[in-house]
Amino acid sequence: MADAPESKGPAGEAHSPEGDLASRYDLVIFDLDGVLYLVDQVIPGAAEACARLRERGIPSAYATNNASRLPTDVAALLTRIGIPAEAREVVTSAHATALLLAERYPAGTPVLILGAPALREEVVGVGLRPVTEAEEARVVVQGYGPDVRMRDLGDASVAIRGGADWIATNADRTLPSPRGPLPGNGSLVVALATALRRQPDTIVGKPDPGLFLEAARERGATRPLVVGDRLDTDIEGANRAGMDSLLVLTGVSDAAELLAAPPERRPTFVAEDLGGLFERAQPVQLPTQWRVQELDGQWELSGDGRRVDALAALCAVAWAAGEVRPVVPAGDAAAAALKWLKL
């Protein structure tokens, strides 16, 4: 298998396959759910990884599509689980949505809000007026909230059919949780879109690059690294922003999804968890100790080494071929790796 080209960062510098990944960047932008915590429980190793970055003077920022918490609440949660953070380091889709509303609409514009109190507070904070009657609304803002009801969706439908603009904070179909993926705001957006037979006028959060670009701009970063667990939001958003990315396998996207990922959703790096920040900078498509060969219409995995490098080797072949085939192991190490990857 031929060597893949060296990965290029946003400033165009080449990444050597040797060296510590984190040392090559001047900012690490973390997604939250599935990367640092699940709901409100820290993911093992996350606090330690963030502490190592602080010790080395590498700043962090936090960008989340979850519109149910204010930046102050996110910072407080991170601090409580052992990751000291400040509100100014947090960018949420709710805050970004409020800024967008302030740009598009004059103060006092009536807005029907679906979502958590945090979204309402952000909208009020930029001078717009929340309303509860669908007929009054000039804009419908839809964000995630655990208490959103069918009645709320009905009111939004009436308002939008009546001419109100429709803005969604994000389109994440699921939210990670200790019980597995749960319906996210994107699922509610789909429900409303099905009823209305159209899509929102604007979707603010990732994969739109705005959250990442704002985080980098606030910190004055020129070589940021995005760390996420979702290909369709974090990784695609990083690619749209022209930033390198690290996919960690602690949240939503898994090995099978990564193998089938289209070019716009392929990360620069992949790791089991945040410990990958302190391992060698090995772009996904560079050769590893694992080998993949065609065998009777299947792929045979052989070799030994890190399990995540087996995934990288399979990605290099699948992405080059433009297809995914069944994988069979050659040897105990390969069998163990495929079992862990659930392939």
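Preceding this paragraph is the structure being described.
Bear in mind the structure is a predicted one, so any value in this text is a computation, not a measurement.

Visitor: So what's going on with the side chain of Ser60? Which residues, and what values?
Guide: Relative to the helices and strands, Ser60 is located in strand 4 (residues 60–64). On the basis of relative accessibility, which here comes to 9%, the residue Ser60 falls in the buried class. Not counting residues up to four positions away in its chain, the partners in contact with Ser60 are Leu27, Val28, Phe30, Leu53, Glu89 and Arg219.

Visitor: A description of the pairing of strand 6 (residues 110–114) should follow, citing residues and the corresponding values.
Guide: Taken across its five residues, strand 6 has five buried, putting it largely inside the fold. Residues Pro110, Leu112 and Leu114 line one face of strand 6 and the alternating positions Val111 and Ile113 line the opposite face, and both faces are buried. Bridge count between strand 6 and strand 7 (residues 129–131): three bridges; the pairing is parallel. Following the sheet pairing, Val111 is matched in strand 7 by Pro130. In this fold, the crossover linking strand 6 to strand 7 by way of helix 4 (residues 117–125) has right-handed handedness.

Visitor: Let's hear about the sheet that holds strand 17 (residues 298–303): which residues, and what values?
Guide: Read from one edge of the open sheet, three strands run 16-17-18, paired in mixed fashion. Across the chains shown, the open sheet's two edge strands, defined by having one partner strand only, are strand 16 (290–295) and strand 18 (327–330). Pairs of neighbouring strands in the sheet enclose a mean axial angle of 30°, with direction left out of account. As defined by bridge partners, strand 17 adjoins strand 18 across four bridges and the pair is classed as parallel. Bridge pairing links Leu301 to Pro329 in strand 18. Each of strand 16, strand 17 and strand 18 is contacted by helix 10 (residues 307–321), which is oriented at about 45° to strand 16, the strand it contacts most. Against the sheet, helix 11 (residues 332–341) contacts strand 16, strand 17 and strand 18, and its axis sits at roughly 145° relative to strand 18.

Visitor: Hey, could you go over the layout of surface pockets for me, with residue numbers and the actual values?
Guide: To find leftover empty space, a probe the size of one water molecule is rolled over the atoms. Roughly 450 Å³ of internal volume is contained in the largest pocket. Those elements that place two or more of their residues in the lining of the largest pocket are strand 6, helix 4, strand 7 and helix 5 (150–161). In terms of residue count, strand 6 provides more of the lining of the largest pocket than any other element does, four residues in total. A per-class count over the lining of the largest pocket returns 11 nonpolar, three polar and seven charged.

What counts as what
- Residues numbered from 1 in each chain as written.
- Predicted model: local features only at pLDDT ≥ 70, side-chain atom pairs only at ≥ 80, totals over all residues.
- Heavy atoms only, no water.
- Helix = DSSP H or I, 4+ residues; strand = E, 2+ residues; numbered from the N terminus.
- Buried < 20%, exposed > 50% of the residue type's maximum accessible area, 1.4 Å probe, protein only.
- Contact = heavy atoms within 4.5 Å.
- Pairing = 2+ DSSP bridges.
- Right-handed = clockwise from strand over helix to strand, strands pointing away.
- Axes fitted to C-alpha atoms, helices over the stretch in contact; angles between N-to-C directions.
- 1 Å grid on protein atoms, 1.4 Å probe; cavity = no way out; pocket = protein on both sides within 12 Å on 5 of 7 lines; lining within 4 Å.
- Points joined across faces, edges and corners; volume = space filled by probe spheres on them.
- Nonpolar A, V, L, I, M, F, W, Y, C, P; charged D, E, K, R; others polar.

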